Amino acid sequence: MTTTAPHEATIAEQEANKATVLAFYEAGLNRKDFDAAARLIGDRYVQHNPRIADGIEGFRAFVDTIRAEFPDLRAEVKGLYADGDRVIAHVHGIRVPGQAGTAIVDIFRFEDGRIVEHWDVMQPIPDTAANPNGMF
């Protein structure tokens, strides 16, 4: 359930929000730099991933976990799409180098240029597929 009604953002706001999402992935997931990523999060942070607690402290715990358990984790953004106050990212996540990884769709909601809400859907990339199209 969305906590607020969608906000009509200008094209410039949408582009800025997309840049913020890229910076968030680079800081929080690729570099595991909580402090840098936290500057991109609003005063509140609503988390819809059931494995991550709400709020900035939930995000801190998540970054601490991936730093300890998956130090080489990488998130490669394959596509970014903005709609109003939301940015949708199509991401190739690889926890351990050499693994096929996971296809991820992340949805971020923004308020005043900062991330305030997050949803995600993840699907492991299989070894074989019924078509030659790939997942990205």
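Up top is the structure.
Residues numbered from 1 in each chain as written. Predicted model: local features only at pLDDT ≥ 70, side-chain atom pairs only at ≥ 80, totals over all residues. Heavy atoms only, no water.

Draft legend 1. Up close: the sheet that holds strand β3 (residues 86-94). The strand order across the open sheet built from 5 strands is β1-β5-β4-β3-β2, with neighbouring strands paired in mixed fashion. At either end of the open sheet lies a strand with only one pairing partner, and these are β1 (41-47) and β2 (74-83). Going across the sheet, the axis of each strand differs from the next one's by a mean of 25°, ignoring polarity. (Pairing = 2+ DSSP bridges. Helix = DSSP H or I, 4+ residues; strand = E, 2+ residues; numbered from the N terminus. Axes fitted to C-alpha atoms, helices over the stretch in contact; angles between N-to-C directions.)

Draft legend 2. Structural view of the layout of surface pockets. Roughly 670 Å³ of internal volume is contained in the largest pocket. As for the largest pocket, its lining consists of 35 residues, of which Arg-51, Phe-62, Leu-73, Arg-95 and Met-122 are closest to the centre. Among the elements of the structure, α1 (11-30), β1, α3 (55-69), β2, β3, β4 (102-111) and β5 (114-124) are those that each provide at least two residues to the lining of the largest pocket. Tallying contributions element by element places α3 first for the lining of the largest pocket, with 7 residues. Of the residues that constitute the lining of the largest pocket, the class distribution is 19 nonpolar, 10 polar and 6 charged. (1 Å grid on protein atoms, 1.4 Å probe; cavity = no way out; pocket = protein on both sides within 12 Å on 5 of 7 lines; lining within 4 Å. Points joined across faces, edges and corners; volume = space filled by probe spheres on them. Nonpolar A, V, L, I, M, F, W, Y, C, P; charged D, E, K, R; others polar.)

Draft legend 3. Molecular detail of the pairing of β1. Within β1, 5 of the 7 residues are buried, which leaves the element mostly enclosed by the surrounding structure. Across 3 bridges, the pairing between β1 and β5 is parallel. Residue pairing in the sheet places Gln-47 in a bridge with His-118 of β5. (Buried < 20%, exposed > 50% of the residue type's maximum accessible area, 1.4 Å probe, protein only.)

Draft legend 4. Just the packing of aromatic side chains, in detail. Within this structure, the stated rule accounts for 6 aromatic pairs. The interplanar angle of 75° and the centroid separation of 6.1 Å between the aromatic rings of Tyr-45 and Phe-59 together place this pair among those described as edge-to-face. Pair noted here: Tyr-45 is in strand β1 and Phe-59 is in helix α3, with a separation of 14 residues, a long-range link. For Phe-59, a relative accessible area of 4% corresponds to the buried category. Every member of this aromatic cluster is reached through a ring pair, and the members are Phe-24, Tyr-25, Phe-34, Tyr-45, Phe-59, Phe-62 and Phe-108. The ring of Phe-136 carries Lys-78 above its face, with NZ or CZ at 5.7 Å from the centroid. (Phe/Tyr/Trp six-rings, centres within 6.5 Å; stacked < 30°, edge-to-face > 60°. Lys NZ or Arg CZ within 6 Å of the ring centre and 35° of its normal.)

Draft legend 5. Layout of the side chain of His-118. Along the chain, His-118 turns up in strand β5. Residue classification places His-118 among the buried positions, given a relative accessible area of 6%. Here the side chain of His-118 touches Gln-47 through a polar contact of 2.7 Å, side chain to side chain. Apart from residues lying up to four places away in sequence, His-118 is in contact with Tyr-45, Val-46, Gln-47, His-48, Asn-49, Asp-106, Ile-107 and Phe-108. (Polar contact = N/O pair within 3.5 Å; in protein donor to acceptor, adjacent residues only side chain to side chain. Contact = heavy atoms within 4.5 Å.)

Draft legend 6. Examining the environment of Asp-83 more closely. Its location among the elements puts Asp-83 in strand β2. Through-space distance from the C-alpha of Asp-83 to that of Thr-128 is 33 Å; in sequence the pair is 45 residues apart.

Draft legend 7. Just α3, in detail. With 15 residues, α3 should cover 21 Å at 1.5 Å per step; its first-to-last C-alpha distance of 21 Å lies within 8% of that length. Listed in full, the buried residues belonging to α3 are Gly-55, Gly-58, Phe-59, Val-63 and Ile-66. Projected down its long axis, α3 shows its buried positions confined to an angular sector of 140°, all on one face. The secondary structure elements touched by the buried residues of α3 are α1, α2 (34-38) and β1. (Expected span 1.5 Å × (residues − 1). Arc of directions from axis to C-beta.)

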